[in-house]
Amino acid sequence: RMKIPNLPSRYQSGTLKPSRDSHDGLNGPRLATASISARRACMAVPALAEGLFLLQLSPSFEPRKHVLSELDALVDRLAPHPVAVEFRHRAWLRGEQLERTLGHLDAIGAVFVCVDAPRGRQVTLLPPVDAITDRRLAYFRAHGRNAEGWAKGKTVADRFGWEYSDAELEEIRG
């Protein structure tokens with residue numbers, strides 16, 4: 001298990017769940033209400049040997065209720081470790097908002113998480129966006145393409161259980 005210097009011990013377990021009463025400066029009330037969770041992920045890249053953080057934003061963290069600058073303090077506090085941000089509301093990744101989203105992540109030194117997911121109308125089904133906001137790394141998550149399982153699945157296996165075909169992997173590879 002990797003120990004990250006200057007990080008409160010309660011976060012060393014790998015999961016961070018901000019709360020309104022947190023006093024360690026890692027989050028503010030609005031960020032906490034977004035129910036952001038961070039998971040430490042070890043990378044097999046020498047420059048990133050100390051790890052990175054993955055912020056998986058709640059679908060409730062969406063542009064009508066939140067602003068991207070709410071992420072700034074958390075990304076800053078976790079530096080020098082890279083922070084990868086996975087959006088869970090498609091409104092961040094549409095039209096002009098996509099440009100603002102990627103530009104902001106680039107400006108604060110955060111990594112955009114590219115996602116392969118089923119296509120559909122649900123706000124949690126993200127459009128395919130191939131973008132890099134931090135030259136140190138790219139982060140890709142393959143959630144599978146089971147649209148029915150995503151919508152109606154009761155378990156993680158129901159939602160994400162997917163075996164990519166060779167053709168699908170070739171499509172992802174580009």
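For clarity, every value in this text was computed on a predicted model and none was experimentally measured.

What follows deals with the side chain of Glu 86. Relative to the helices and strands, Glu 86 is located in strand E4 (residues 83–86). The class for Glu 86 is buried, based on a relative accessible area of 1%. Of note is the side chain of Glu 86, whose polar atom sits 3.4 Å from the side chain of Arg 88. Here the side chain of Glu 86 touches His 143 through a polar contact of 2.8 Å, side chain to side chain. Glu 86 has contacts with Leu 54, Leu 55, Gln 56, Leu 57, Val 113, Val 115, Arg 141 and His 143, leaving out every residue within four places of it along the chain.

Take the confidence of the model for the protein next. For the protein, mean pLDDT is 76; residues scoring 70 or higher make up 71% of the total. Mean pLDDT per element in the protein: strand E2 (residues 37–41) is the minimum at 36, and helix H3 (residues 95–108) is the maximum at 97. Within the model, the stretch residues 1–8 combines pLDDT values under 50 with 21 contacts to residues more than four positions away or in other chains. Confidence drops under pLDDT 50 across residues 10–49; counting only partners more than four residues distant or on other chains, this segment forms 85 contacts.

The rules behind the values
Residues numbered from 1 in each chain as written. Predicted model: local features only at pLDDT ≥ 70, side-chain atom pairs only at ≥ 80, totals over all residues. Heavy atoms only, no water. Helix = DSSP H or I, 4+ residues; strand = E, 2+ residues; numbered from the N terminus. Buried < 20%, exposed > 50% of the residue type's maximum accessible area, 1.4 Å probe, protein only. Polar contact = N/O pair within 3.5 Å; in protein donor to acceptor, adjacent residues only side chain to side chain. Contact = heavy atoms within 4.5 Å. pLDDT = per-residue confidence, 0-100.

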